[in-house]
Number of protein chains: 2
Amino acid sequence: MSLNVTIVGANGEAGLSIIDALSPSPNEFKLTAIVRPASINKPEIQQIKGKGVSVVPINLENNHDELVKALTGQDVVISCLVPFTTGPEIALANASKEAGIKRFLPSAFGPPCPPEGVMLLREFKETIINHVKKIYLPYTVVDVGMWYQVSLPSLPSGKIDYALKFPAAVVAEDGSHATSLTDLRDIGHYVAKIITDERTLNKHVFAYNEVWTQEEIHSHLEKVSGEKIPRNLMPAKDIEATIADAQIKYDASDKSLPFIFGLAGPQYLYCEWFRQDNLPGPAEYLGYLSSKDLYPDFEPIKYVEYVDEVMQGKGKSIYAGR
Amino acid sequence: MSLNVTIVGANGEAGLSIIDALSPSPNEFKLTAIVRPASINKPEIQQIKGKGVSVVPINLENNHDELVKALTGQDVVISCLVPFTTGPEIALANASKEAGIKRFLPSAFGPPCPPEGVMLLREFKETIINHVKKIYLPYTVVDVGMWYQVSLPSLPSGKIDYALKFPAAVVAEDGSHATSLTDLRDIGHYVAKIITDERTLNKHVFAYNEVWTQEEIHSHLEKVSGEKIPRNLMPAKDIEATIADAQIKYDASDKSLPFIFGLAGPQYLYCEWFRQDNLPGPAEYLGYLSSKDLYPDFEPIKYVEYVDEVMQGKGKSIYAGR
């Protein structure tokens, strides 16, 4: 019995990772991507079609009946929508409930984080998760920690800048803080396991590859590059002041994207490197199951392999061309 | 090794149940009650002292250092504060964290319920739970469903009105809906088990005695009383209209107690009898461990025994004299 899986936001990084992992197994997963009618002719959508994915153009909001019809017969709905708003995903959840979807994956795929008071984007995600719970839609929240692809600092030579859309620019405190890292390409492999696993139904899952400190990352990159990387150390009070300032600006703003990014950027840094929410212990406290317990035999891409690829010019910048 | 347990809001119904269950075992539990200095001479506080509980008069808010000092050396802090505000309990959580408390029980002791969009009082409780998670304070949320003591309707003869502070006045839909019921006196026994159980750390626990439909409750009371009880059936749309109206009034209000009660009353009814959130299945979906799985040998007070007591004039009204 194959699983009918619909992905929304399929042309984002997490969505593409999931399609790349699921599409080679057409007997196991029948994939559909719901895309905005306005996006239907974009090259990345054509690329998704080329991978055997059925593409269905539908607007999510104010379109309940058509959406229910499109989702009827689907088993799993995966949202990879950007977490800058809640309306479209709540509409998707409501239609999924009415269509009798067996499992809904709200857009997560980031660091585990307490639900309130740490990251604005987490609060948007929690609003959606809370709505899912209110309507008793079967769900799984999948968080994956920090992506390898946003973890490296630049080299003084500029040699790896081609692969770093968001180079890591500061070091938290003295560099000894740790975070959990996952290769973007593994997200899809984790999702393939999780959506066929009854143990993860109505649970949070923390799927991560490895734990590294910032100093370890810098030292390793120095070793393989032969370059000396300056440490731009930042004490917690500085990032806290930056966040407080961004919060004031956000609160007084129209809540448009520049203000969201202005607040979300330092909050991510604070969560992942300063507070260290993005670690197995905190994730367990927050109620997450661990991929290490669930899938002990899975061998994800090693961080040192990823760094080697980047050094060899084979890395890939995320959000390329966007 | 005895456990040092501090209870805040000890003179409420849940607090008294906990003291009554824990105080007979002074070798296992050393009890302290934190009370407002203004309440120190109230008869119910004197009564608590008579049960061997140390009473410490401290204000919770704007009193961090003194509170930390009072909590230092305590193992468990149990909040039974009324859930009409969040400030005092958040102050208690912060002080508990700094004092190194091993387990914090936020005030819950009600029905399992989705975190958002169903009950205002649940949202107040979730704000506190979210704060607890933000500061990584070890916790257990204990919900107990509907108390036996608020489950019975009046009899036409008025014979059991002495025991019914809040008689059940309406029947949801056709009476076939079910809810989970727990005797107030058992709350303390569940808490005694839960706070000495590592399996419940950083979890939600649903501790309940029995599941009854409203029709079953009415039929049973008719049988033991020999009286015919009219069914005041209410369709869902009526309670939804009442809640919508109360919500408008609450939103436009100063959020004072009458407006909170005006909204919380019908919301409780809606949650517990119409939506049927207060059942083992929904609780499991919402992430609760079940007392039936954790403590299969525990024999709580039977609902029919409680009804017999009430019929025999041995019932006790809750919030008596307040």
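Definitions and limits used
- Residues numbered from 1 in each chain as written.
- Chains lettered and ligands numbered in written order.
- Predicted model: local features only at pLDDT ≥ 70, side-chain atom pairs only at ≥ 80, totals over all residues.
- Heavy atoms only, no water.
- Helix = DSSP H or I, 4+ residues; strand = E, 2+ residues; numbered from the N terminus.
- Rg over C-alpha atoms; globule rule 2.2 N^0.38 Å.
- Buried < 20%, exposed > 50% of the residue type's maximum accessible area, 1.4 Å probe, protein only.
- Contact = heavy atoms within 4.5 Å.
- Lys, Arg positive; Asp, Glu negative; His and termini not counted.
- Charge placed at Lys NZ, Arg CZ, Asp CG, Glu CD.
- Least-squares fit on C-alpha atoms with pLDDT ≥ 70 in both.
- Pairing = 2+ DSSP bridges.
- Axes fitted to C-alpha atoms, helices over the stretch in contact; angles between N-to-C directions.
- Phe/Tyr/Trp six-rings, centres within 6.5 Å; stacked < 30°, edge-to-face > 60°.
- Lys NZ or Arg CZ within 6 Å of the ring centre and 35° of its normal.
- Buried area = accessible area lost by both parts, 1.4 Å probe.
- Salt bridge = Lys/Arg side-chain N within 4 Å of Asp/Glu carboxyl O.
- Polar contact = N/O pair within 3.5 Å; in protein donor to acceptor, adjacent residues only side chain to side chain.
- Nonpolar A, V, L, I, M, F, W, Y, C, P; charged D, E, K, R; others polar.
- UniProt positions renumbered as here; feature names shortened; annotations may be inferred.

- Going by what an unreviewed UniProt entry lists, chain A is known as Isoflavone reductase and is assigned to Fusarium denticulatum.

**Regarding the overall build of chain A**
Turning to step 1, where the next piece is worked out: Tallying secondary structure elements over chain A gives 12 helices and 13 strands in all.
Turning to step 2, where the next piece is worked out: On C-alpha atoms alone, chain A measures out to a radius of gyration of 20 Å, which is about the 20 Å that the 2.2 N^0.38 rule sets for 322 residues.
Turning to step 3, where the next piece is worked out: When the backbone C-alpha atoms are referred to their principal axes, chain A occupies close to 55 × 45 × 40 Å.
Turning to step 4, where the next piece is worked out: Across the 322 residues in chain A, those meeting the buried criterion constitute 57%.
Turning to step 5, where the next piece is worked out: Sequence separation of at least 24 residues holds for 79% of the intrachain contacts in chain A that already meet a minimum separation of 6.
Turning to step 6, where the next piece is worked out: Distance from the positive charge centre (31 side chains) to the negative charge centre (40 side chains) of chain A: 5 Å.

**Re the environment of A:S39**
Turning to step 1, where the next piece is worked out: One can find A:S39 in the loop between β2 (29-35) and α2 (43-50).
Turning to step 2, where the next piece is worked out: C-alpha of A:S39 to C-alpha of A:P57: the two residues are 18 residues apart in sequence and 8.1 Å apart in space.

**As for the relation of the copies chain B and chain A**
Turning to step 1, where the next piece is worked out: The two copies are related by a screw operation: chain B maps onto chain A through 180° of rotation and 0.0 Å of translation along the axis, at an RMSD of 0.0 Å. Expressed as a symmetry operation, the mapping of one chain copy onto the other fits a two-fold axis. Distance from the rotation axis, computed per C-alpha, reaches its smallest value in chain B at B:G287: 4.4 Å.

**Let's talk about the sheet that holds strand β11 (residues 210-213) of chain B**
Residue and element names in this part refer to chain B.
Turning to step 1, where the next piece is worked out: Read from one edge to the other, the open sheet built from three strands follows the order β7-β9-β11, with strand pairing classed as mixed. At either end of the open sheet lies a strand with only one pairing partner, and these are β7 (146-147) and β11.
Turning to step 2, where the next piece is worked out: Relative to strand β9 (residues 178-182), β7 runs parallel, the two sharing two bridges. Opposite W147, over in β9, you have T182 as the bridge partner.
Turning to step 3, where the next piece is worked out: Packing of helix α7 (residues 214-225) onto the sheet brings it into contact with β9 and β11, and relative to β11 it is tilted by some 85°.
Turning to step 4, where the next piece is worked out: The strands touched by helix α9 (residues 257-275) are β7, β9 and β11; relative to β9, the strand with the most contacts, the crossing angle is about 115°.

**Considerations on the packing of aromatic side chains**
Residue and element names in this part refer to chain A.
Turning to step 1, where the next piece is worked out: In the structure shown here, the tally under the stated rule is 22 aromatic pairs over all chains.
Turning to step 2, where the next piece is worked out: What links up through ring pairs into an aromatic cluster is the set Y148, W212, Y303 and Y306.
Turning to step 3, where the next piece is worked out: The side chain of K255 reaches across the aromatic face of Y250, ending 5.3 Å from its centre.
Turning to step 4, where the next piece is worked out: One residue, K292, lies across the ring of Y208, its end atom 4.9 Å from the ring centre.

**Things to note about the interface of chain B and chain A**
Turning to step 1, where the next piece is worked out: Across the boundary between the two partners, chain B contributes 20 residues, which contact 20 residues of chain A.
Turning to step 2, where the next piece is worked out: For the pair chain B and chain A, the summed buried area comes to about 1800 Å², and 53% of that belongs to carbon and sulfur atoms.
Turning to step 3, where the next piece is worked out: In terms of surface lost to chain A, no three residues of chain B exceed B:K134, B:Y136 and B:Y285, which account for 43% of the buried area on that side.
Turning to step 4, where the next piece is worked out: Applying the counting criterion to the chain B and chain A interface returns zero salt bridges.
Turning to step 5, where the next piece is worked out: In this assembly, chain B and chain A are joined by 12 residue pairs in polar contact (both at pLDDT 80 or more).
Turning to step 6, where the next piece is worked out: When residues of the side of chain B that touches chain A are assigned to their parent elements, the largest contribution, five residues, is made by helix α5 (residues 120-134) of chain B.
Turning to step 7, where the next piece is worked out: In terms of residue class, the side of chain B that touches chain A is built from 11 nonpolar, four polar and five charged.

**Details of the UniProt feature "domain: NmrA-like" (unreviewed entry) in chain A**
Turning to step 1, where the next piece is worked out: UniProt's entry tags residues 4-246 of chain A with the feature "domain: NmrA-like" (unreviewed entry), counted in the numbering of this structure.
Turning to step 2, where the next piece is worked out: Between the first and last C-alpha atoms of residues 4-246 of chain A the distance is 42 Å; the span itself is 36% helix and 19% strand.

**Topic: helix α1 (residues 13-22) of chain A**
Residue and element names in this part refer to chain A.
Turning to step 1, where the next piece is worked out: The element α1 is largely enclosed, with a buried count of eight among its 10 residues.
Turning to step 2, where the next piece is worked out: Among the residues of α1, E13, A14, G15, S17, I18, I19, A21 and L22 are the ones counted as buried.
Turning to step 3, where the next piece is worked out: Residues of α1 that are buried in the fold lie against β1 (3-8), β2, α2, β4 (76-79), β7 (146-147) and α6 (184-194).

**Focus: the pattern of salt bridges**
Turning to step 1, where the next piece is worked out: This structure, assessed with the given rule, holds 26 salt bridges over all chains.
Turning to step 2, where the next piece is worked out: When the shortest N-O distance is used, the salt bridge between B:K102 and B:D75 registers 2.5 Å. On the criterion of sequence distance, the pair formed by B:K102 in the loop between α4 (87-98) and β5 (103-105) and B:D75 in the loop between α3 (64-71) and β4 (76-79) is long-range, its members being 27 residues apart.
Turning to step 3, where the next piece is worked out: By relative accessible area, B:K102 is classed as exposed at 54%.
Turning to step 4, where the next piece is worked out: Between B:E309 and B:R185 there is a salt bridge whose closest N-O contact spans 3.0 Å. In this pair, B:E309 is assigned in helix α12 (residues 303-311) and B:R185 in helix α6 (residues 184-194), connecting sequence segments 124 residues apart.
Turning to step 5, where the next piece is worked out: Three or more residues joined by partner-sharing salt bridges are found here, namely A:E215, A:E222, A:K228 and A:R231.

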